[in-house]
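Here's the letter readout for the chains.
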Amino acid sequence: MADTKREIERKYESDDSGLPDLTAVTGVDAVVDKGVAHLDATYYDTADERLAASSITLRRRTGGADAGWHLKFPVAPGVRDEIHAPLSDSLPRSLAGLVRSRVRDAELRPVVRLLSDRDIRDLVDAGGRLLAEVSVDAVRAERLTGDGGVAQWTELEVELADGGDPAFLDRVDKRLRKAGVRPSASASKLARALAETAPRKKGGKTGRAVNVGKAGGQRQPSPPETAGDHVLAYVREQRDALVELDPAVRQDTYDSVHRMRVATRRMRSAFLSYAKVLDRTVTDPIGEELKWLAGELGVDRDQEVLAERLTAALTELPRTLVYGPVRTRLRTWMHARHGGSRRRLIGVLDSTRYLTLLDSVDALVAEPPLLRAAAGSPEKVIGKAVRKDFGKLAGMVEQAIAAEPGTERDLALHEARKKAKRTRYAAEAAIASLGDPATALAKSMKSLQNLLGDHQDSVMTRQTLRELSAVAHAAGENVFTYGLLYGREEARAAADEAELPGAWREVTGGMRV
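1. Some points on the overall build of the protein chain
Secondary structure assignment for the protein chain yields 14 helices and eight strands. Projected onto its principal axes, the C-alpha positions of the protein chain cover 80 × 65 × 45 Å. Looking at the protein chain as a whole, 47% of its 513 residues qualify as buried. Of the contacts made within the protein chain by residues no fewer than 6 positions apart, 72% connect residues no fewer than 24 positions apart. Approximately 24800 Å² of the protein chain is accessible, and the part contributed by carbon and sulfur atoms is 51%. Taking the 80 positively charged and 76 negatively charged side chains of the protein chain as two groups, their mean positions are separated by 3 Å.

As structure tokens, this is what we get:
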């Protein structure tokens, strides 16, 4: 079983002078000697160092108080999420899955071994509460691939105690700098080890394996100039989001499924909206796979949305209007549906089909299928594409407004919602090239999408209420509350429909792209 904690630390260069006096730091009452720990850590990565390229570290470490497997993901400078699994001979499956979107089918192998003598001090306040752990690490790094280079250095590390105030590290930093201690040039021990033990090229300089972009194999792009540059920048951003959100989805992090689903839809929308820029004979097959992935993600996401909506609606009701075990039945429905969809989703992320999709997107970004219009000016090519999407949306909204209330209008509004979302994504991709008009359009499309989305959520909620009430009725339970909630949802949908004409007039009046 893996445990996760947030690690907030700062690293500094150190020499033989040892640790400066830190009792002068505000809040520190004492510096407690905790002795020396002998740490032996082996770091794993692919042959082309895909994890290191994304500032991710995976290690197996013995010695110290937290021996075991550690996987660290960057959050911000000096902040990482560390996932710990018990010590074992082989990589735990719980951690292997979290790096699969980056590793794919490549083999993880030992790349560096770090032997550290860690001299530990605890900074505590007057009540004996731990504020931070300070250590002076004497490190020996051995490269386990290539020519087996070796490096040695000493560094000082300050790690904030769990739940501590990050501002405390600023006070420690000020004291260390005053004593002549300077921040480390490397973000982590592994980064420094890889740099200093790399095989040497002619002329004495060290060489590194070609470090890739966030998702493997991609060099950092030049600033966008053409229409094709801007579209590719947007596609690349969504590719990176897919890869980076994969571990969060596996860990069931709040809203991660929704964000990953949005990334798939944004990429697919870009393929469709900018079909004059990217060849559809190449993008269409990838788009179909993105549609498949979005559908699989939707099983979990739609469940989250309905559960939140039903729970909120039930909470708003006076207790005198809640008859029967409605809350219990809702919880049972939520847990049963969520558990099944979670297992299915993890299976999808472990599937060959999903990993092949990621490889296909990488290949497209590396060698984009650009058409003639890709070389054109962003203002002309991208602006025309956005206006085309908006024109199609206008027709669908007007058709939905004119439709008969009921199923016909529900379906028309749902289709308009999907087109509003695509127009929004097209506008988002155009912001870098078209500026404020695209920003304004994206904002108005989001508002329209929210209105139409609330209507569709009401449609789905009413369907769920019918299903729940049927089960409750069969069990001999009072179904009054389900009917009451259904009626409220019906009124909410009617209010959305009444609001739509005015909202649409505002959108068309502000259209400037």
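Once you've had a look at it, read on.
2. A few points about the packing of helix H6 (residues 227–250) against helix H10 (residues 352–366)
Packing of H6 against H10 brings their axes to within 10 Å, and their N-to-C directions diverge by 150°. With respect to each other, H6 and H10 are oriented roughly antiparallel. For the pair H6 and H10, the sense of crossing is left-handed. Residues Val235, Arg236, Arg239, Leu242 and Asp246 of H6 form the contact with H10, whose own contacting residues are Tyr354, Leu358, Val361, Asp362, Leu364 and Val365. Of the residues belonging to the contact of H6 with H10, the class tally is seven nonpolar, no polar and four charged.

3. Observations regarding the environment of Met260
Here Met260 lies in helix H7 (residues 256–273). Along the primary structure Met260 and Glu244 are separated by 16 residues, whereas in three dimensions their C-alpha atoms are 9.0 Å apart. With residues up to four places along the chain from it excluded, the contact list for Met260 reads Leu242, Leu245, Asp246, Val249, Leu297, Leu349 and Tyr354.

4. Some points on the packing of aromatic side chains
Scanning the model with the defined rule gives three aromatic pairs in all. Each ring, one from Phe390 and one from Trp504, has its centre 5.7 Å from the other, and the planes form 20°; the classification is stacked. One end of the pair, Phe390, is in helix H11 (residues 378–402); the other, Trp504, is in helix H14 (residues 480–509), with 114 residues separating them in the sequence. The exposure class assigned to Phe390 is buried, which follows from its relative accessible area of 10%. With a relative accessible area of 6%, Trp504 lands in the buried category. One Lys or Arg, Arg353, reaches over the ring of Trp292 and ends 4.2 Å from the middle of that ring.

5. So, the side chain of Arg261
Assignment of secondary structure puts Arg261 in helix H7. Setting aside residues up to four positions removed in sequence, Arg261 forms contacts with Ala294, Leu297, Gly298, Arg301 and Asp302.

6. Here we look at the pairing of strand S2 (residues 30–45)
The side chains of a regular strand alternate between both faces of the sheet. By the bridge criterion, 15 bridges tie S2 to strand S6 (residues 109–124) in an arrangement that is antiparallel. Looking at the pairing, His38 lines up with Asp117 of S6. Examined bridge by bridge, S2 and strand S3 (residues 57–62) share four bridges and lie antiparallel to one another. Within S3, the residue paired with Ala41 across the bridge is Arg61.

7. Quick word on the sheet that holds strand S7 (residues 130–143)
Pairing is antiparallel around the closed barrel formed by eight strands, whose spatial order is S1-S5-S4-S3-S2-S6-S7-S8. Each strand axis lies, on average, 35° off the axis of its neighbour in the sheet, ignoring direction. Judged from the six bridges that link them, strand S1 (residues 3–13) and strand S5 (residues 79–85) form a sheet pairing that is antiparallel. Across the sheet, Asp3 pairs through a bridge with His84, a residue of S5. On the sheet, helix H4 (residues 167–178) packs against S1, S6, S7 and strand S8 (150–160) and is oriented at approximately 20° with respect to S1.

Conventions and cut-offs
- As a convention, each chain's residues are numbered from 1 in the sequence order in which they are written.
- Only residues with pLDDT of at least 70 get local features here, since the model is predicted, and only at 80 or more are side-chain atom pairs given and counted; chain-wide, interface and lining totals rely on the full set of residues.
- Hydrogens and water molecules were not included; the side-chain quantities draw on all heavy atoms of the structure.
- Strands are runs of DSSP state E lasting at least two residues, helices are runs of H or I lasting at least four, and both sets are numbered from the N terminus onward.
- The buried label goes to any residue with under 20% of its type's maximum accessible area, the exposed label to any with over 50%, and the partly exposed label to all in between, with areas taken from a 1.4 Å probe on protein chains only.
- In what follows, residue pairs with any heavy atoms lying within 4.5 Å of each other are defined as contacts.
- For every accessible area listed, the method is Shrake-Rupley and the probe measures 1.4 Å; residues are considered covered only by the protein chains on display.
- Lys and Arg are tallied as positive, Asp and Glu as negative. Neither His nor the chain termini are counted.
- Charge positions come from single atoms, namely NZ of Lys, CZ of Arg, CG of Asp or CD of Glu.
- Angles run from 0 to 180 degrees between N-to-C directions of axes, and those axes are lines fitted to C-alpha atoms, restricted for helices to the stretch in contact.
- These descriptions rest on fixed angle ranges, namely under 35 degrees for roughly parallel, over 145 for roughly antiparallel, 65 to 115 for roughly perpendicular, and the rest for oblique.
- Handedness of a crossing is defined here by the sense of rotation of the near helix relative to the far one, left-handed for an anticlockwise turn of less than a right angle and right-handed for a clockwise turn.
- Three residue categories are used. Nonpolar comprises Ala, Val, Leu, Ile, Met, Phe, Trp, Tyr, Cys and Pro, charged comprises Asp, Glu, Lys and Arg, and polar comprises the others, including Gly.
- Put simply, two rings from Phe, Tyr or Trp (the six-membered ring, in Trp's case) pair if the centres are within 6.5 Å, and we call them stacked under 30 degrees between planes, edge-to-face over 60, tilted for the rest.
- Here, a charge over a ring means that NZ of Lys or CZ of Arg falls within 6 Å of the ring centre while also lying within 35 degrees of the ring normal.
- DSSP calls a pair of strands paired once it identifies at least 2 bridges connecting them.

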